[in-house]
Amino acid sequence: MISTETTLAGIHFDNCLMNAAGVYCYDADELNQIQKSAAGTFVTKSATVVPRAGNPEPRYLSTPWGSINSMGLPNKGLPYYLDYVSQQQTLFPEKRYFQSITGFNIDEDEALLKQITDSDFNGLVELNLSCPNVPGKPQTGYDFETVEQILTRVFEVYEGPLGVKLPPYFDIVHFDQMAAILNQFPLAFINSVNSIGNGLTIDAATERVSIKPKHGFGGIGGDYIKPTALANVHTFYQRLKPEIQIIGTGGVKSGQDVFEHLLCGASMVQVGTALHKEGPQIFDRLTAELQTIMQQKGYNKIADFKGKLKYLD
Ligand code: RRO
């Protein structure tokens, strides 16, 4: 039997595939659909201190090569997701889940982490440092000094397994600098990458932008971003201490895409744009396609090839 199981932060997951935060995770109805699917677990929508309606619609467009979004962090607030996860922990005590959170400053991050500590949450926290779509708020992950300050505070107040969702980086110096910061902390994982921020898609027929917020600017996902995602996964795999595992996200719509993320060093792989397009049954297809590739190559488990990307010299 070919296994797609994985381990992250010492926690076992039956399947290495799951949703990416923001897709099929806004409310209990959507999360229930991921729970019923072949995904190994779920991550919630990034939760803020108070619920948010998000940006005006239209704020998401599926395109032939991917997607653009400027959702603006619509979410039901952290207590809603902690309640939902608590119910799932009771129903399926052997499973562990991811709670995504994002504060608008360090004090809010601390308040969110205190709420989690005071709850019965037994899963992993994904701290989102890379939302590209809140007008007037830069992506934290591009401000290296602030990332270091946030992580310093985070690990003073939170003891459970925690990782960060990062924006894509594009320069080797930036990979070096960010890895040096991340390696100072007891992170369980990083998740690379969030959408490529502030792209623009337009409709030539109407001569208009395709989404309403920020005059059409939004985060780009899907096919457009797979090479960037793979580069980020592999570069961090080379630079991070082995205790910091990697979740690969970006441009996954086939078993081969999953295979490539794992080959670059990912321990889990998340699906965003393609999950939005195809629905949660995509996890059956991706798992079967990955198993077929593994069988053809003589691999029985992910450890047989994880991170073993070869070079031409
Ligand atoms: O809600 C969003 O607009 C959003 C978030 Br928080 C994020 O992290 N990434 C993204 O593409 N959209």
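Residues numbered from 1 in each chain as written. Predicted model: local features only at pLDDT ≥ 70, side-chain atom pairs only at ≥ 80, totals over all residues. Heavy atoms only, no water.

A. Representation of the layout of surface pockets within the structure. Here the largest pocket is characterised by a volume of approximately 810 Å³. Lining the largest pocket we find 45 residues, and of these Ala21, Gly22, Val23, Tyr60 and Asn69 sit closest to its centre. Elements that contribute at least two residues to the lining of the largest pocket include exactly strand 5 (66–69), strand 15 (268–271) and helix 8 (273–278). Broken down by element, the residue count for the lining of the largest pocket peaks at five residues, all from helix 8. A breakdown of the residues in the lining of the largest pocket according to their chemical character gives 18 nonpolar, 19 polar and eight charged. Along the walls of the second largest pocket sit 19 residues, with Gly103, Phe104, Lys137, Pro138 and Thr140 positioned nearest its centre. Contributions of two or more residues to the lining of the second largest pocket are made by helix 3 (106–117) and helix 4 (144–157). Considering only residue class, the lining of the second largest pocket consists of eight nonpolar, eight polar and three charged. (1 Å grid on protein atoms, 1.4 Å probe; cavity = no way out; pocket = protein on both sides within 12 Å on 5 of 7 lines; lining within 4 Å. Points joined across faces, edges and corners; volume = space filled by probe spheres on them. Helix = DSSP H or I, 4+ residues; strand = E, 2+ residues; numbered from the N terminus. Nonpolar A, V, L, I, M, F, W, Y, C, P; charged D, E, K, R; others polar.)

B. Quick peek at the UniProt feature "domain: Dihydroorotate dehydrogenase catalytic" (unreviewed entry) in the protein. The UniProt feature table records "domain: Dihydroorotate dehydrogenase catalytic" (unreviewed entry) at residues 5–294. Helix makes up 36% of residues 5–294 and strand 20%. Its end C-alpha atoms lie 13 Å apart. (UniProt positions renumbered as here; feature names shortened; annotations may be inferred.)

C. Representation of the packing of aromatic side chains in the model. Across all of its chains, the model carries 15 aromatic pairs by this definition. Residues tyrosine 299 and phenylalanine 305 carry aromatic rings whose centres are separated by 5.1 Å and whose planes lie at 25° to one another, so their mutual orientation is stacked. Accessibility expressed as a relative area gives 0% for phenylalanine 305, which makes it buried. Here the aromatic cluster, defined as three or more aromatic residues joined through ring pairs, consists of Tyr142, Phe144, Tyr169, Phe175 and Phe236. The positively charged end of lysine 76 is found above the aromatic ring belonging to tyrosine 80, 5.2 Å away from the centroid. (Phe/Tyr/Trp six-rings, centres within 6.5 Å; stacked < 30°, edge-to-face > 60°. Buried < 20%, exposed > 50% of the residue type's maximum accessible area, 1.4 Å probe, protein only. Lys NZ or Arg CZ within 6 Å of the ring centre and 35° of its normal.)

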